[in-house]
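Results of the structural survey
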Amino acid sequence: MSGFVIESINGPVITTGGGFSMKEMVYVGEKRLVGEVIGLSEHAATIQVYEETAGLRLGEPVEGSGTPMGILLGPGILNNIFDGIERPLRALEKLDGAFIGRGAKVPLLSEERRFDVTVLLNEGDAAAGGAVFASCPETGLITHRALVPPGVCGQVIWRAPDGAYTITDPILRVRDVRGREHTLTLAQKWPIRKPRPYSERCPLDVPLITGQRVIDTLFPIAKGGAAAVPGGFGTGKTMTQHQLAKWCDADIIVYVGCGERGNEMSQVLDEFSSLTDPKTGLPLMQRTVLIANTSNMPVAAREASIYTGITIAEYYRDMGYHVAIMADSTSRWAEALREISGRLEEMPAEEGFPAYLPSRLSEFYERAGRVRALCGSEGSVTIIGAVSPAGSDFSEPVTQNTKRYVRCFWALDKSLAYARHYPAVNWVTSYSEYTGDLSAWYDAHVGETFGALRRRIAVILAEEDRLMEIVRLIGSDVLPDDQKLILETAGVIRRGFLQQDAFHKDDTFVSLDKQKRMMETILHLHDGAARLVATAVPVSQIQKLGLFEKLSRMKYEIPNDRPGMFDEYIQAIDTALSSVE
């Protein structure tokens, strides 16, 4: 498409003549800046430009591509860093230095790197959309499974021999029922706003194990689920997502830094580059892809980065992998929507956000799920989105609308963060609707007592919250001893169980078995002390034994590889309590 020119410029929003399709990718100006058609009228097209528009002039050409805004999917995505429209930042740095030049053109994926390809289909075989036709080691941790593009279905008429190929080399030729031939390579393009197809959805009954006690025990998330991590400035949203990305048992991590500060993204890049995968000892980046779209990058690309990330996640899901995507933060993405909407002069809704904010959030979070892929394998996409409400006000539109589409809500509390209690997940305002769905899995793999222990822990914490209202009014001295014991036990749960040190080798990740043993030990002390309190032994006398302090430190003192030490702790508790008259 050609013959159209820029007629108006309003920041990242430009208008030109008609003749384009909705959601079509276009090239704007003499530098061919990447843009997308977001509005059409009888005689005009509205385009949002994903690059800096400073220097554009009226009358410069606008050229259509004839295809929707999409990204290239293939080997070479992992162990890489992209901007919001999948341009590799390492290649851009070599081209333009530290700052991205306008109209910079680099291949989205390396066209020179060769992969050792094993072709899995032979001449005469049927090739259906979504089927795996070749495989190659993408990194030391992940084998890339090349997929027949959805919509292509036919018979293989030619295959390349096994060997080393680039992403542009032909690997397979397929003739469909209409006689058309399709040449398949290792890479394929896919529109970012279109969810990739699958065979069927599976129930969300397997947990995503994170190694973070407050999450795994109290507020678990299922593989294929969706969670929100809301919190004000300084509450540890980014740190929490870092921990989840490092330690969760997903096969692949997609980390989207959407509108975050540049220094935070630099920290992410430095940390992830130096981390080793705890299961294999290889660099964690070999199963990670980072999408960095910082606050000083073009605002429109911030809006696209979320869709770029989820499309990459779906692609690896279709290979049969379990993928976790960290979106940090969706509030910055919503702010980009608000800015674009304002420039389009649309009628604003609450707090200036566009009226379609809820539908855009639902489009994103509903792309999570555990599915049976077209290739027959099971895969999942788990979405964990950070929300940054101004002033920790959870009543603002982004937080409230997010709660409509997620079933897991990890509310970060600034008072906990300021008290250096991390993760700062508030156990009163947080919730998980996956607990019932996952109970059968926990019973089968961790122990039938796990659910009962979790419920007792939650009851004690809820009771403490109720009692603290009284304590704040009239003090703790007026409470009976059984209620004082509740406060003591809750203090151990908060300090010794819910609080976790990301920098301690035995506390940064904790297995479910160890979490269970920790709960058993804390409740064993509580039950033993409760029996003494029932015989009129004051809590103050039990406190002098030092058991509560001892259990607060057990997370550090019991190494992950020595679970037998819990029996020693329980024996020590019994011995100490029996000495009380």
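The structure reproduced in this document is the subject of the present report. (Residues numbered from 1 in each chain as written. Predicted model: local features only at pLDDT ≥ 70, side-chain atom pairs only at ≥ 80, totals over all residues. Heavy atoms only, no water.)

1. Describing the overall build of the protein chain
For clarity, the cut-off: Runs of E in the DSSP output that reach at least two residues are strands. Runs of H or I that reach at least four are helices, and both are numbered from the N terminus. For a compact globule the rule gives 2.2 Å times the number of residues to the power 0.38, and the radius of gyration it is set against comes from C-alpha atoms. The contact rule is simple, with two residues in contact once any of their heavy atoms fall within 4.5 Å. What sets the accessible areas is the Shrake-Rupley method with a 1.4 Å probe; for residues, cover comes only from the shown protein chains. Charged residues are defined here as Lys and Arg on the positive side and Asp and Glu on the negative side; His and the ends of the chain fall outside this count. Note that the charge is assigned to NZ on lysines, CZ on arginines, CG on aspartates and CD on glutamates.
Scanning the protein chain from terminus to terminus reveals 17 helices and 26 strands. The C-alpha atoms of the protein chain give a radius of gyration of 27 Å, which matches the 25 Å a tight globule of 581 residues would have. By principal-axis analysis of the C-alpha atoms, the protein chain measures approximately 95 × 55 × 40 Å. Once local pairs closer than 6 in sequence are excluded, the contacts in the protein chain between residues at least 24 apart make up 70%. Element-wise, carbon and sulfur atoms account for 51% of the exposed surface of the protein chain, whose accessible area totals about 23700 Å². Positive and negative charge centroids in the protein chain, built from 61 and 74 side chains respectively, lie 1 Å apart.

2. Section: the nonpolar core
Across soluble globular proteins, you tend to see nonpolar side chains buried next to one another. Rule in force here: Nonpolar cores are built from buried Ala, Val, Leu, Ile, Met, Phe, Trp, Tyr and Cys residues. Side-chain atoms within 4.5 Å join them into one set. Burial classes: relative accessible area under 20% of the type maximum marks a residue as buried, over 50% as exposed, and values in between as partly exposed (1.4 Å probe, protein chains only).
In this structure, I384 and W410 are the most contacted members of the largest nonpolar core, which totals 84 residues. A total of nine residues in this core trace back to one element, the largest contributor, which is helix α13 (residues 512-534). The contacts of I384, once residues within four sequence positions are left out, are L208, I221, A227, V229, Q241, L244, I325, M326, A327 and W410. In this structure, V13, I85, I142 and V289 belong to the second largest nonpolar core, which totals 82 residues.

3. Remarks on helix α11 (residues 450-474)
The following threshold applies: The span you would expect from a helix comes to 1.5 Å times its residue count less one. We define the bend at any residue as the angle between the axes fitted to the seven residues before and including it, ending there, and the seven starting there.
Under the 1.5 Å per step criterion, the end-to-end length of α11 is 36 Å for 25 residues, consistent within 8% with the ideal 36 Å. The sharpest bend along α11 reaches about 25° and sits at L467. Buried residues of α11: F450, G451, L453, R454, I457, I460, L461, E464, L467 and V471, and no others. Along its buried surface, α11 packs onto α2 (213-218), α10 (435-445), α12 (481-498) and α13. Among the residues trailing α11, G475 stands out with phi positive, at a value near 90°.

4. Let's talk about empty space enclosed by the protein
Going by this rule: Both cavities and pockets are sets of points on a 1 Å grid over the protein atoms alone; in a cavity a 1.4 Å probe fits but cannot get out, in a pocket the set is open with protein on both sides within 12 Å along at least five of seven lines, and lining residues sit with an atom within 4 Å of a point. Grid points are joined across faces, edges and corners, and a volume is the space filled by probe spheres set on the points. In this classification, Asp, Glu, Lys and Arg are treated as charged, Ala, Val, Leu, Ile, Met, Phe, Trp, Tyr, Cys and Pro as nonpolar, and every other residue, Gly included, as polar.
Following the criterion strictly, the structure yields one cavity of 30 Å³ or more and no others. By volume, the largest cavity amounts to about 30 Å³. Taken together, the residues of the lining of the largest cavity break down into five nonpolar, one polar and two charged.

5. Section: the pattern of salt bridges
Short version of the rule: Definition used for salt bridges: Asp or Glu carboxyl oxygen within 4 Å of a side-chain nitrogen of Lys or Arg.
Applying the stated criterion to the full structure yields 32 salt bridges. Across the pair E36 and R193 runs a salt bridge whose closest N-O atoms are separated by 2.8 Å. Remark: R193 occurs in the loop between β17 (188-191) and β18 (200-201) and E36 occurs in strand β4 (residues 33-40); sequence separation between them is 157 residues. It is possible to trace a salt-bridge network through shared partners that takes in E36, R193, E303 and R360.

6. Here we look at the side chain of D216
Operational definition: N or O atoms closer than or at 3.5 Å make up a polar contact, with two conditions inside protein: a donor-capable atom paired with an acceptor-capable one, and, for residues adjacent in sequence, both atoms drawn from side chains.
You can see D216 is positioned in helix α2. Salt bridges are absent for the buried D216, whose nearest opposite-charge side chain, R454, sits at 8.6 Å. Only 2.7 Å separates the side chain of D216 from the backbone nitrogen of G211, close enough to count as a polar contact. Every residue in contact with D216, bar those within four places of it in the chain, is listed here: L208, I209, T210, G211, Y442, F450, R454, L512 and Q515.

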